[in-house]
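Topology and contacts: notes
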Amino acid sequence: MHTERAYCDWIMRFIRFHHLQERESLLVEPEKKVEDFLTHLAVQANVAASTQNQAFNALVFLYKQVLKHPLEGVDAARTSKEKRVPVVLTREEVKLVLAFLEGTSDLVVKLLYGGGLRITEAMRLRVQDIDYGFKQITVRNGKGLSDRVTPFSESLMPLLTNHLERVKAIHEQDLKDGHGAIYLPFALSRKYPNAEKEWPWQYVFPSRNLSNDPRSEVTRRHHIDQSTVNKAIKQAVRKAGISKKVSAHTFRHSFATHLLQRVRIYARYNLCLAINNNDLYTCFKTAW
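In this report, we go over the structure that sits alongside the text.

Conventions used here
Residues numbered from 1 in each chain as written. Predicted model: local features only at pLDDT ≥ 70, side-chain atom pairs only at ≥ 80, totals over all residues. Heavy atoms only, no water. Helix = DSSP H or I, 4+ residues; strand = E, 2+ residues; numbered from the N terminus. Rg over C-alpha atoms; globule rule 2.2 N^0.38 Å. Buried < 20%, exposed > 50% of the residue type's maximum accessible area, 1.4 Å probe, protein only. Contact = heavy atoms within 4.5 Å. Areas by Shrake-Rupley, 256 points an atom, 1.4 Å probe, with all protein chains shown as cover. Arc of directions from axis to C-beta. Phe/Tyr/Trp six-rings, centres within 6.5 Å; stacked < 30°, edge-to-face > 60°. Pairing = 2+ DSSP bridges. Axes fitted to C-alpha atoms, helices over the stretch in contact; angles between N-to-C directions. Parallel < 35°, antiparallel > 145°, perpendicular 65-115°, else oblique. Left-handed = near helix turned anticlockwise from the far one by under 90°. Nonpolar A, V, L, I, M, F, W, Y, C, P; charged D, E, K, R; others polar.

Within the protein chain, the secondary structure is distributed over 11 helices and five strands. At 24 Å, the protein chain has a C-alpha radius of gyration far larger than the 19 Å of a compact globule built from 288 residues. Residues classed as buried in the protein chain amount to 36% of the 288 residues present. Partitioning the intrachain contacts of the protein chain with sequence separation of at least 6 by distance along the chain shows that 59% fall at a separation of at least 24. Carbon and sulfur atoms form 53% of the exposed surface of the protein chain, whose accessible area is close to 18,300 Å².

Have a look at this one:
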């Protein structure tokens, strides 16, 4: 849904940029029109590379899927993608931020840091995606529409259990009120007609209120909006007195960095054992 809205916005900006009045005018020198628009974004508007790529993808979709006139040989000035060093929190800073979080936002951020999840991946988690036996979370349709498995901390198990008990009570009440159905992607609603009301398919982090699906107009309980978690993170960072620019994605970077640090320490520890088992402290200090 967010992608559709973004594409529609870029197409409208493209039309206004060229002052187009008719559908047929889109097919007159389309490659040149697209090149001029993309060059304008790169040179005059000075947008980021990801922003220009999104605009280009929207226009490719327009001409290929809607107008049935695929673009060929678009050669526009492209914005160079600059390398940025990601913001990473120390373990102490992570603990400090978590101390100022509470409720659902606290649990979400702990999952982001404990499993390296993206904020959208955490929002879309279903009950069946959490495996307590293997202590892992299955991320469905992540970036690039690929699935992956990521661990979660054993310390989160009681928190998740208590949270899901409350969520299940909400779901059972929705069923009594004649609701309880949930959005299923792709053709799953046709393949599994009853799945939309079954417990395993429910969101781990459901919204507080029911809402109407913009496509089907069916009243459902969607997952919480990621802006709720982002606002809670900003407030916690401000209360913690941390000057770094912290977002939900910062906890994913921190997860990866801290994981690599632990692997490094473990590898050096094994190296010390192999070199000199009698003087472990000296060997470890030298290797570090």
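Turning to helix α4 (residues 91-99), its buried residues are Glu93, Val94, Val97 and Leu98. The arc enclosing the buried residues of α4, seen along the axis, measures out at 135°, which places them on a common side. Residues of α4 that are exposed and point over 90 degrees away from its buried face: Glu92, Lys95 and Ala99.

A few words now on the packing of aromatic side chains. Enumeration over the complete set of coordinates arrives at seven aromatic pairs. The interplanar angle of 80° and the centroid separation of 6.5 Å between the aromatic rings of phenylalanine 14 and tyrosine 63 together place this pair among those described as edge-to-face. Taken as a pair, phenylalanine 14 in helix α1 (residues 2-18) and tyrosine 63 in helix α3 (residues 49-66) lie far apart in primary sequence, 49 residues in all. Tyrosine 63 gets classed as buried once you look at its relative accessible area, which sits at 0%. Taking the centre distance of 6.4 Å and the plane angle of 35° together, the rings of tyrosine 192 and tryptophan 201 count as tilted. By relative accessible area, tyrosine 192 is classed as partly exposed at 37%. A residue is classified by how much of its surface remains accessible, and tryptophan 201, at 16% relative accessible area, is buried. Taken together, the aromatic side chains of Trp10, Phe14, Phe17, Phe37 and Tyr63 make up a single cluster linked through ring pairs.

Here we take up the sheet that holds strand β2 (residues 136-139). Strands sit in the order β1-β2-β3 across an open sheet of three strands; the sheet is antiparallel. Of all the strands in the sheet, the pair left with one neighbour each is β1 (130-131) and β3 (148-151). Pairing between β1 and β2: two bridges, direction antiparallel. Bridging across to β2, isoleucine 130 finds its partner in isoleucine 137.

Two elements in contact, helix α2 (residues 30-43) and α3, have axes separated by 10 Å at closest approach and are oriented at 165°. The angle between α2 and α3 places the two elements in the roughly antiparallel class. In this structure, the crossing between α2 and α3 has a hand that is right-handed. For the pair α2 and α3, contact is made by Pro30, Val34, Phe37, Leu38, Leu41 and Ala42 and by Gln52, Ala55, Phe56, Leu59 and Tyr63, respectively. Class assignment for the residues of the contact of α2 with α3 results in 10 nonpolar, one polar and no charged.

The values reported here are purely geometric and, on their own, carry no functional implication.
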